[in-house]
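# Architecture at a glance
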Amino acid sequence: MDSMDRSILKCLSENSRQSATEISQTVHLSVAAVIERIRKLERNGVIRQYTIVADQHKIGNDVTALMEVSLEHPKYYDEFTKTIYENPSIVECNYLTGDYDFMLKIQTHSSETLEQLHRVIKSIRGVSNTKTYFVLKEIKCGVTSMTET
């Protein structure tokens, strides 16, 4: 992957519905070359999917929370992650180092539905501890870094 691929990815991460023509004007490459590079990025699994970022408040999710979760033992990992994956209110789950094993991002209708979900998570076999934070305001969301490291 070169700097041109990174520029194309940056365009797509800002708006995945941009046409190849619009991208070609931004990155100063022919439309055919942009299309070929995008197809190659898709074939190689660099681009895994195209998606949207919805306004959660407008679809009825007025509460966003982050929840740290600890497991008693790593043997509970598979069961825990399967349960988390199946819950549509849990929109992100990251496996961590540190004091907690997982960080969950939750988007739900109300504090009452968050409380219900909290009880569900606490009842998953192997969960030993949780810590929940209410998100007051989202400052940056859904932006993928395209810088070279």
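This text goes with the structure placed above it.
Notes on the structure follow.

Definitions and limits used
- Residues numbered from 1 in each chain as written.
- Predicted model: local features only at pLDDT ≥ 70, side-chain atom pairs only at ≥ 80, totals over all residues.
- Heavy atoms only, no water.
- Axes fitted to C-alpha atoms, helices over the stretch in contact; angles between N-to-C directions.
- Helix = DSSP H or I, 4+ residues; strand = E, 2+ residues; numbered from the N terminus.
- Parallel < 35°, antiparallel > 145°, perpendicular 65-115°, else oblique.
- Contact = heavy atoms within 4.5 Å.
- Nonpolar A, V, L, I, M, F, W, Y, C, P; charged D, E, K, R; others polar.
- Expected span 1.5 Å × (residues − 1).
- Polar contact = N/O pair within 3.5 Å; in protein donor to acceptor, adjacent residues only side chain to side chain.
- Pairing = 2+ DSSP bridges.

### A few points about the packing of helix H1 (residues 3-14) against helix H3 (residues 31-43)
Packing of H1 against H3 brings their axes to within 10 Å, and their N-to-C directions diverge by 85 degrees. Classed by the angle they form, the pair H1 and H3 counts as roughly perpendicular. For the pair H1 and H3, contact is made by Met-4, Asp-5, Ile-8, Leu-9 and Leu-12 and by Val-34, Arg-37, Ile-38 and Leu-41, respectively. Here the contact of H1 with H3 is built from residues that sort into seven nonpolar, no polar and two charged.

### Some words on H1
The α-helix winds at 3.6 residues per turn, so residues separated by three or four positions along the chain end up facing the same way. Over its twelve residues, H1 extends 17 Å from the first C-alpha to the last, a length consistent with the 16 Å expected when each residue adds 1.5 Å. The inward-facing, buried residues of H1 abut helix H2 (20-27) and H3. With a side-chain oxygen lying 3.1 Å from the backbone nitrogen of Met-4, the N-terminal cap of H1 falls on Asp-2.

### Notes on the sheet that holds strand E1 (residues 63-71)
An order of E2-E3-E1-E4 is seen for the four strands of this open sheet, with the pairing classed as antiparallel. Bordering the open sheet on either side are strand E2 (90-95) and strand E4 (127-134), each of which pairs with just one other strand. Ignoring which end each strand starts from, the neighbouring axes of this sheet average 20 degrees apart. Summarising the sheet, E1 and E4 pair through seven bridges and their orientation is antiparallel. In the sheet register, Ala-65 faces E4, and the bridge partner there is Phe-134. Strands in contact with helix H4 (residues 77-85) are E1, E2, strand E3 (102-108) and E4; relative to E3, the strand with the most contacts, it is inclined by about 20 degrees.

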